[in-house]
Protein chains: 4
Amino acid sequence: MTDIDPSTRSRVLAALRDQRIETASWAFGNSGTRFKVFAQAGVPRNPYEKIADAATVHRFTGVAPTVALHIPWDKVEDYADLAAYAKERGVGLGAINANVFQDDDYKLGSVTNPDPQVRAKALAHLFECVDIMDATGSRDLKLWFSDGTNYPGQDSIRARQDRLAEALSAVYRRLGEDQRILLEYKLFEPAFYTMDVPDWGTAFAHCLALGGKAQVVIDTGHHAPGTNIEFIVAVLLRAGKLGGFDFNSRFYADDDLMVGAADPFQLFRIMCEIVSADALRAEAGIAFMLDQCHNIEPKIQAVIRSVMNVQEATAKALLVDASALASAQRDGDVLAANEVLMDAYQTDVRPLLRDLRGEMGLEPDPIAAYKQSGYLETVTSSRVGGNAAGWGA
Amino acid sequence: MTDIDPSTRSRVLAALRDQRIETASWAFGNSGTRFKVFAQAGVPRNPYEKIADAATVHRFTGVAPTVALHIPWDKVEDYADLAAYAKERGVGLGAINANVFQDDDYKLGSVTNPDPQVRAKALAHLFECVDIMDATGSRDLKLWFSDGTNYPGQDSIRARQDRLAEALSAVYRRLGEDQRILLEYKLFEPAFYTMDVPDWGTAFAHCLALGGKAQVVIDTGHHAPGTNIEFIVAVLLRAGKLGGFDFNSRFYADDDLMVGAADPFQLFRIMCEIVSADALRAEAGIAFMLDQCHNIEPKIQAVIRSVMNVQEATAKALLVDASALASAQRDGDVLAANEVLMDAYQTDVRPLLRDLRGEMGLEPDPIAAYKQSGYLETVTSSRVGGNAAGWGA
Amino acid sequence: MTDIDPSTRSRVLAALRDQRIETASWAFGNSGTRFKVFAQAGVPRNPYEKIADAATVHRFTGVAPTVALHIPWDKVEDYADLAAYAKERGVGLGAINANVFQDDDYKLGSVTNPDPQVRAKALAHLFECVDIMDATGSRDLKLWFSDGTNYPGQDSIRARQDRLAEALSAVYRRLGEDQRILLEYKLFEPAFYTMDVPDWGTAFAHCLALGGKAQVVIDTGHHAPGTNIEFIVAVLLRAGKLGGFDFNSRFYADDDLMVGAADPFQLFRIMCEIVSADALRAEAGIAFMLDQCHNIEPKIQAVIRSVMNVQEATAKALLVDASALASAQRDGDVLAANEVLMDAYQTDVRPLLRDLRGEMGLEPDPIAAYKQSGYLETVTSSRVGGNAAGWGA
Amino acid sequence: MTDIDPSTRSRVLAALRDQRIETASWAFGNSGTRFKVFAQAGVPRNPYEKIADAATVHRFTGVAPTVALHIPWDKVEDYADLAAYAKERGVGLGAINANVFQDDDYKLGSVTNPDPQVRAKALAHLFECVDIMDATGSRDLKLWFSDGTNYPGQDSIRARQDRLAEALSAVYRRLGEDQRILLEYKLFEPAFYTMDVPDWGTAFAHCLALGGKAQVVIDTGHHAPGTNIEFIVAVLLRAGKLGGFDFNSRFYADDDLMVGAADPFQLFRIMCEIVSADALRAEAGIAFMLDQCHNIEPKIQAVIRSVMNVQEATAKALLVDASALASAQRDGDVLAANEVLMDAYQTDVRPLLRDLRGEMGLEPDPIAAYKQSGYLETVTSSRVGGNAAGWGA
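Residues numbered from 1 in each chain as written. Chains lettered and ligands numbered in written order. Predicted model: local features only at pLDDT ≥ 70, side-chain atom pairs only at ≥ 80, totals over all residues. Heavy atoms only, no water.

A look at the overall build of chain A
Here is step 1: For chain A, the helix and strand inventory stands at 14 helices and ten strands.
Here is step 2: Against the compact-globule benchmark of 21 Å for 393 residues, chain A has a radius of gyration of 21 Å, which places it among compact chains.
Here is step 3: Each principal axis of the C-alpha atoms in chain A carries an extent, and together these give about 65 × 55 × 40 Å.
Here is step 4: Buried positions account for 68% of the 393 residues belonging to chain A.
Here is step 5: Restricting to contacts in chain A with at least 6 residues of sequence separation, those with at least 24 account for 78%. (Helix = DSSP H or I, 4+ residues; strand = E, 2+ residues; numbered from the N terminus. Rg over C-alpha atoms; globule rule 2.2 N^0.38 Å. Buried < 20%, exposed > 50% of the residue type's maximum accessible area, 1.4 Å probe, protein only. Contact = heavy atoms within 4.5 Å.)

Here's what the structure looks like:
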């Protein structure tokens, strides 16, 4: 595979040119652990500045044309104005992420809270998010519920499922024709006995009950140890129920490290499932989103690196010799089939990606180009005063 | 809770008297790890002797009236004769467990094998199992597939799902009116990259596609670390898709220790979900089965202990003050709700169970009674010659 | 075991009467996850008020006579005054917990930071903690380092060990004759690639290198999934290197739930190792400390419950028939040995503990007594204004 | 890094040329899971044939000059004859692996068994292994104990540690001047409550107590989920207590897959620690051994692939720009330091390894060369009759 033949090369380059990765507004703000949030200089102080940072990522990578918002963190008076601002800078607004976990009322849950008043409040927020989607033109409402319980007996697991189904159903009915729900699951944190949507099976069951405009989103850091994520990708694709990814990586739990940093081979295997199902194309409707926390590393640079890591994994997946693979699989030749995959994985695709950037009119090394641009120095000196954006703002 | 009021007591005793736990024929044979199978004296050499052992368990516990079979391990010429033998000894034949993992042909899978001839052979075995069910009058066909892959790329995850769906569908169509499929899932072992049915979500999706006569069976040792099993119980009950349990316990992986030995609190929480959904009754159609390996401990005694452990967990679950629990949950009183559960869990139910046995005409201490019966000594001296039953025979 | 014979009873009661559990000042303040800290009413605003809460726990339980401090969270002008205040309320000051993780300088580590100036600053804080110990008369300096790295390559694992050893050695030399270091380990969080003291082996190796006044402290929530904690207890006791516990419980990671809430059987097994090594006695030098986060439940009540949970586990461990156990173990009778342990575990020890409290002049039910005391209502109305204590204050 | 400068290249090639990987005799025999051992054609029937297979691996890779033996599986009348046979074929005999887990007496343990007679028998076997080392000239006695317990209470954790220490001490005293003990640890399997040497800390503590000729061996599949293995490598190297590796890979537990198959990035990180401590050199005394089970894939080919995988990981580790790394680490530049590592990891080292083989007079593609050699066909037709070697023979 060290030498890539021309037809493969042009097929791969075409696919990579069309690839779309969505960044997250909150990745540019401060984040941390429960122990400490280490503030960084130059961090944006409002949604506009976050969008400026996201546009910077797109400027140097060329494949990150949209940015997801988090409500209420990214609440503004005028979403049309925000969208126009984004457009000016070359990016668009992406998924709307609802946040029903940061109000004191949500201590025992939001839409699954035993208190009907709290549930009503949470539902109202979800409706507000759909309103915002109407304003921004966003297609996807990403729903992650921090809801769950910390102690056995604290609440009825089943009753909470009923309440969840009721809320989801209400939101579903409110969706416009081209809008959809992306339902996320997570094993634990912040709830420590059980989350109300702890695994893909639960998200899948709710999405099935809702209908075609509800799909499952996979956050790669939200699984139990040992979970084979690409299996879930394959199964959801087969069922037509994969809506997208929240990409990040982890060694332990929901570490939210840069995607590809902890297990680049896993990221490659995930992208192999995507490629083999021809689901990289925009028409397949899979949203490839980043959802990371850059606690100790510079944020914009880390997002650029993450985008590049997804590109590299994708390029390798595109290089897999599908016909040789199918043939070895059919023959039951375990080692030959594995070798076809590994051959692509071991290939150094960085020269290919440098060429791609050249063809796209970009600098070959986005990190170097970003550093040379002086962007960080500029925002560090201009973004003085005000409150740096973080998970709570 | 130290003193149980009379009406609670009679309610609990009634439920416990009707409880039904199914033992497994293979639990009486030799088993071990890949490192060594330590043979035990007195182990049965054929299905008849296994049934005799299962009948012994029922004789001393009174709540284990059926025994599951494993085909081909328990293949006999005349199933009517086997059933009659069982009936004579006071027990009945239970679920039929298919085995498509011990033939050389199944190295790369059975119903998901890339080779259509192997798939046909596996399917024929599944049909044979339904034939046996027709002969034994068994309701449940328990399907656990060891199918999976060891290396990334070895086979197409998705194609294997298609093949699995096809086989399941063929078997489903072959089921009689009162028969059903219980589909089991397992995270890993013997496949080490991915199993073809690794989690409840996959089993659930297939059962949904099949229809009302396909349900999920939960083996309590088949999950990723950290999985909340009672959550799965609650969710499957809510969806009407819980078919039963393979009970055992584990500290690590599929350790197959005696149920309740590793985490008795978890077993209690599982039974709480059952009780709160009123699913203990026979009419609820949940099969409570044991599936354990007694590698180093005496087998019959271990099965008796396991039955007792399930009884104790059930008794505690029945003691939960449902109305106090619901009230604390409604109030959002986390500690009060947890305390209601823990109050039941901390109660020593062994006196209650001794009373139950007295009422049922049994000795109060099944272990002591079994030991005094001399059964083990008798079979140890009579079962000489022949091949001791094990996982391969 | 349902009936406890008189001599066992008096032995067990005597041991329980002498039991000492140390509470943590920070457990009374607000805590949460990275997603949200839910504030509670009546939370203390300074070290004095925390001590008042700890004294309340002791008042109703009788076995929690000391409270651990966290520096700088519990920094005061005059430690003698704080100690006198505590004494007045019937409690004493316990271990001093150093905090070198909440200053911006510590983003890349404290004593293991690549920057020597940061290391010097961290070391100075550790020295200050020993100064405080001199003032409070505390015996134990508890060291938990959040130090570690998030990305492969970020820093040299080995160089960080060297820096850690150097700092520990400097602190060790500074210790007074009756003072000691309790070194804590943790698998992950807040560092996500590797912690610098991730496991007991690392803590043990450093403590060995330091000498007799350095010992390992086990936080029960700081292990990889599947870790057998009582094994570590047994091995450290055998090596004379167990210094104490930070008790809490978890289903997933460092959940910091109330001790005994997630796996009461594990807590019992841990206490069995303590009892069998005769290490419950004060002279054994094991510090039994609570370290929990009461994110959603009322704090004082949760601490009382935790103390009771430790008492119950201890009572059960004390009830284990040591001679029957040893005899079954010697005979290789697996089921009999396990049954001896389970017999004690299944015993309802709550009546015994109620009697104990009666003998100690306490109300039999600490939770009920605490609620009736009106303490929470009093502090809720009096603690108005100021900043509620939390992890950052 | 895509272009490797000449001086780096010659340094890397020199190191790779001297690399030594030890194969395992048992990897050529049949293996499987507790569910089924799938027999393969052409499998060796005795130690001589295993050595012939190992020599074949060395013939095509050039870096696998020794083969480890397993006693009693590889017991022969005349070890000098076996050694001569190996030498003729171009390989030597490596570590001696003791086996005290496959006799019925060892059901409850070998050297930790409560029965002193069983302990004496196990110790005698260990002495016999040292005798064999004397005959073969082997340096390393690899000790993996399957000892442990399945149920809480089954035996005293502490007493078992005492018995283990006693046995190790007796063996240690019996070692010749140039011989050493490599003590292995494993989290679980075949014991399911606790192993007697479950983690590196326990192995380390015993080795410390024994002295300089006892060292820890790391089996890469023997850890709890989430364990950072390269951390253990670094810490043991720092303490002078790393004796070697049993290489394999896993997605779940002790899956024993081909090394590098499940997580090639982890293998690279491990080799980075080795390289950075200059421990690749033979004089460092680290034994790099393979210990895998080729359950479904052709065995010799899988061993060749495994050797190549170790080579590739090593080549990448050797390419890490140590001075750039140290500089970025010193500067606290998280992303730059990580990038230095990833730059080496992303490099395709297969051309370099093909060149290496050319220089060594080998075919550039060992797999292709092996297949063309017809070796498998030859042994498949010649090895007919007799008993295929497996874990039990």
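A look at the pairing of strand β3 (residues 92-98) of chain B
Successive residues of a regular strand alternate their side chains across the two faces of the sheet.
All names here are of chain B.
Here is step 1: Among the seven residues in β3, six count as buried, and that is most of the element.
Here is step 2: At this point the chain moves from strand β2 (residues 66-71), through helix α3 (residues 79-88), to the parallel β3, and the crossover so formed is right-handed.
Here is step 3: Relative to strand β4 (residues 140-143), β3 runs parallel, the two being bridged by two bridges. If you follow N97 over to β4, its bridge partner there is K142. (Right-handed = clockwise from strand over helix to strand, strands pointing away. Pairing = 2+ DSSP bridges.)

Observations regarding the interface of chain D and chain A
Here is step 1: With 36 residues of chain D at the contact, the number on the chain A side is 36 residues.
Here is step 2: A combined buried area of about 2,800 Å² lies between chain D and chain A, and 52% of that area is made up of carbon and sulfur atoms.
Here is step 3: A salt bridge links D:D343 to A:R350, with the nearest nitrogen and oxygen atoms 2.8 Å apart.
Here is step 4: Of all elements in the fold, only α8 (264-276), α9 (299-319), α11 (334-346) and α12 (350-359) of chain D reach the threshold of two or more residues within the side of chain D that touches chain A.
Here is step 5: Ranked by the residues each element gives to the side of chain D that touches chain A, the list is headed by α11(D), at eight residues.
Here is step 6: Grouping the constituent residues of the side of chain D that touches chain A by class yields 18 nonpolar, seven polar and eleven charged. (Buried area = accessible area lost by both parts, 1.4 Å probe. Salt bridge = Lys/Arg side-chain N within 4 Å of Asp/Glu carboxyl O. Nonpolar A, V, L, I, M, F, W, Y, C, P; charged D, E, K, R; others polar.)

Quick notes on the interface of chain C and chain A
Quite often, the size of an interface is put as the accessible area lost when its parts meet.
Here is step 1: Between chain C and chain A, the contact holds 44 residues from the first and 44 residues from the second.
Here is step 2: For the pair chain C and chain A, the interface holds eight salt bridges.
Here is step 3: Between C:R34 and A:E189 there is a salt bridge; the shortest N-O distance is 2.9 Å.
Here is step 4: The interface formed by chain C and chain A contains 18 residue pairs in polar contact (both at pLDDT 80 or more).
Here is step 5: For the side of chain C that touches chain A, the per-class residue count stands at 25 nonpolar, eight polar and eleven charged. (Polar contact = N/O pair within 3.5 Å; in protein donor to acceptor, adjacent residues only side chain to side chain.)

Examining the pairing of strand β8 (residues 214-219) of chain B
Residue and element names in this part refer to chain B.
Here is step 1: The element β8 is largely enclosed, with a buried count of six among its six residues.
Here is step 2: Residue alternation in β8 divides its side chains into two sets, A214, V216 and I218 and Q215, V217 and D219, and both sets are buried.
Here is step 3: Sheet topology places strand β6 (residues 180-184) next to β8; four bridges connect them, and they run parallel. Among the inter-strand pairings, I181 is bridged to a residue of β8, identified as A214.
Here is step 4: Note: β8 against strand β9 (residues 242-247), four bridges, orientation parallel. Bridge pairing in β9 places V216 opposite L242.
Here is step 5: Handedness of the crossover is the feature at issue here: the chain leaves β8, passes through helix α7 (residues 229-238), returns alongside β9, and the resulting connection is right-handed.

What about the pattern of salt bridges?
Here is step 1: Counted according to the given criterion, the structure contains 127 salt bridges over all chains.
Here is step 2: As a salt-bridge pair, B:D140 and B:R139 come within 3.1 Å of each other at their nearest N and O atoms.
Here is step 3: Looking at B:R139, the relative accessible area reads 35%, which means it is partly exposed.
Here is step 4: A salt bridge links D:R281 to D:E283, with the nearest nitrogen and oxygen atoms 3.1 Å apart.

What about the side chain of B:Q266?
Here is step 1: The topology assignment puts B:Q266 in helix α8 (residues 264-276).
Here is step 2: For B:Q266, the contacting residues outside a window of four places in its chain are B:T227, B:I229 and B:E230.

Let's talk about the environment of B:E312
Here is step 1: Mapped onto the fold, B:E312 is located in helix α9 (residues 299-319).
Here is step 2: Taking the C-alpha atoms as reference points, B:E312 and B:G260, 52 residues apart in sequence, are found 9.3 Å from one another.
Here is step 3: Not counting residues up to four positions away in its chain, the partners in contact with B:E312 are B:V349, B:R350, B:L353 and C:Q346.

Some remarks on the packing of helix α2 (residues 47-61) of chain A against helix α9 (residues 299-319) of chain A
Residue and element names in this part refer to chain A.
Here is step 1: At a closest axis distance of 10 Å, the pairing of α2 and α9 adopts a crossing angle of 45 degrees. Considered as vectors, α2 and α9 are oriented oblique to each other. As α2 packs across α9, the resulting crossing turns out to be right-handed. The segment α2 lies against α9, with D53, T56, V57 and T61 engaging I300, V303, I304, V307 and Q311.
Here is step 2: Across the contact of α2 with α9, the residue classes tally to five nonpolar, three polar and one charged. (Axes fitted to C-alpha atoms, helices over the stretch in contact; angles between N-to-C directions. Parallel < 35°, antiparallel > 145°, perpendicular 65-115°, else oblique. Left-handed = near helix turned anticlockwise from the far one by under 90°.)

Re the state of the cysteines
Here is step 1: Going through the model one piece at a time under the given rule, you end up with zero disulfides over all chains.
Here is step 2: Cysteine D:C207 shares no disulfide, and the gap to the nearest cysteine sulfur, in D:C129, comes to 17 Å. (Disulfide = S-S within 2.5 Å.)

As for the relation of the copies chain D and chain A
Here is step 1: Mapping chain D onto chain A calls for a screw motion: a turn of 180 degrees about the axis and a shift of 0.0 Å along it, with 0.0 Å RMSD after fitting. What the rotation and shift describe, once combined, is the action of a two-fold rotation axis. Residue D:D348, judged by its C-alpha, is the member of chain D lying nearest the rotation axis, at 2.7 Å.
Here is step 2: Of the interface residues in chain D, 100% have counterparts in chain A that sit at the interface too, so the contact is made through matching surfaces. (Least-squares fit on C-alpha atoms with pLDDT ≥ 70 in both.)

Points about the relation of the copies chain C and chain A
Here is step 1: Each copy superposes on the other: chain C lies on chain A with an RMSD of 0.0 Å after a rotation of 180 degrees and an axial shift of 0.0 Å.
Here is step 2: When you check the interface residues of chain C against chain A, 100% turn up at the interface there too, and the contact is symmetric in its surfaces.

Looking at the environment of D:G137
All names here are of chain D.
Here is step 1: Structurally, G137 is set in the loop between α4 (116-136) and β4 (140-143).
Here is step 2: Residue class for G137 comes out exposed when judged on its relative accessible area of 61%.
Here is step 3: Taking C-alpha positions, G137 is 29 Å from A234, a pair spaced 97 residues apart along the chain.

Brief notes about the environment of D:G212
Residue and element names in this part refer to chain D.
Here is step 1: Here G212 shows up in the loop between α6 (200-210) and β8 (214-219).
Here is step 2: Judged by its relative accessible area of 66%, G212 falls in the exposed class.
Here is step 3: When the C-alpha positions of G212 and G240 are compared, they lie 8.8 Å apart, and in sequence the two are 28 residues distant.
Here is step 4: For G212, the residues in contact, after removing those within four places along its chain, are Y172 and K241.

Thoughts on the side chain of A:T136
Here is step 1: Its place among the elements puts A:T136 in helix α4 (residues 116-136).
Here is step 2: When residues no more than four places from it in sequence are discounted, the contact partners of A:T136 are A:Y79, A:L93 and A:I96.

Here's the deal with unusual backbone geometry
Here is step 1: A cis geometry characterises the amide bond from A:E189 onward to A:P190, with omega recorded as 10 degrees.
Here is step 2: Structurally, the position occupied by A:P190 is in the loop between β6 (180-184) and β7 (194-195).
Here is step 3: The backbone of B:E189 sits at a positive phi, close to 75 degrees, despite the residue not being glycine.
Here is step 4: One can find B:E189 in the loop between β6 and β7 (194-195).
Here is step 5: A residue is classified by how much of its surface remains accessible, and B:E189, at 14% relative accessible area, is buried.

A short note on helix α11 (residues 334-346) of chain A
Residues and elements named next belong to chain A.
Here is step 1: Taking 1.5 Å of rise per residue, the 13 residues of α11 would be expected to cover 18 Å, and the 18 Å separating its terminal C-alpha atoms lies within 8% of that figure.
Here is step 2: Extensive coverage of α11 is indicated by the burial of ten of its 13 residues.
Here is step 3: The set of residues buried in α11 consists of V334, L335, A337, N338, V340, L341, M342, A344, Y345 and Q346. (Expected span 1.5 Å × (residues − 1).)

Section: helix α4 (residues 116-136) of chain C
Residues spaced three or four apart along an α-helix point in a common direction, a consequence of the helix completing one turn every 3.6 residues.
All names here are of chain C.
Here is step 1: Spanning 21 residues, α4 covers 30 Å between terminal C-alpha atoms, matching the ideal 30 Å at 1.5 Å per step.
Here is step 2: By the burial criterion, the buried members of α4 are V118, A122, L123, H125, L126, C129, V130, I132, M133 and T136. Each buried residue of α4 sits inside an arc of 165 degrees when the element is viewed along its axis, so together they form one side. Seen from the open side of α4, the exposed residues pointing more than 90 degrees away from its buried face are P116 and Q117.
Here is step 3: Packing partners of the buried residues in α4 comprise β4 (66-71), α3 (79-88), β5 (92-98), β6 (140-143), α5 (157-174) and β8 (180-184).
Here is step 4: Just downstream of α4, G137 is the residue with a positive phi angle, here 75 degrees. (Arc of directions from axis to C-beta.)

Section: the packing of aromatic side chains
Here is step 1: Scanning all chains against the criterion turns up 82 aromatic pairs over all chains.
Here is step 2: Plain terms: the ring middles of A:F35 and C:W391 are 5.1 Å apart, the flat faces sit at 40 degrees to each other, and that makes the pair tilted. Of this pair, A:F35 sits in the loop between β1 (22-24) and α2 while C:W391 sits in the segment after α14 (375-382), which puts the two residues in different chains. Grouping residues by exposure puts A:F35 and C:W391 together as buried.
Here is step 3: With 4.6 Å between their ring centres and 0 degrees between their planes, B:F188 and D:Y252 make a pair best called stacked. Of this pair, B:F188 sits in the loop between β6 and β7 while D:Y252 sits in the loop between β9 (242-247) and α8, placing the two residues on different chains. Comparing B:F188 with D:Y252, the two get one shared label, buried. (Phe/Tyr/Trp six-rings, centres within 6.5 Å; stacked < 30°, edge-to-face > 60°.)

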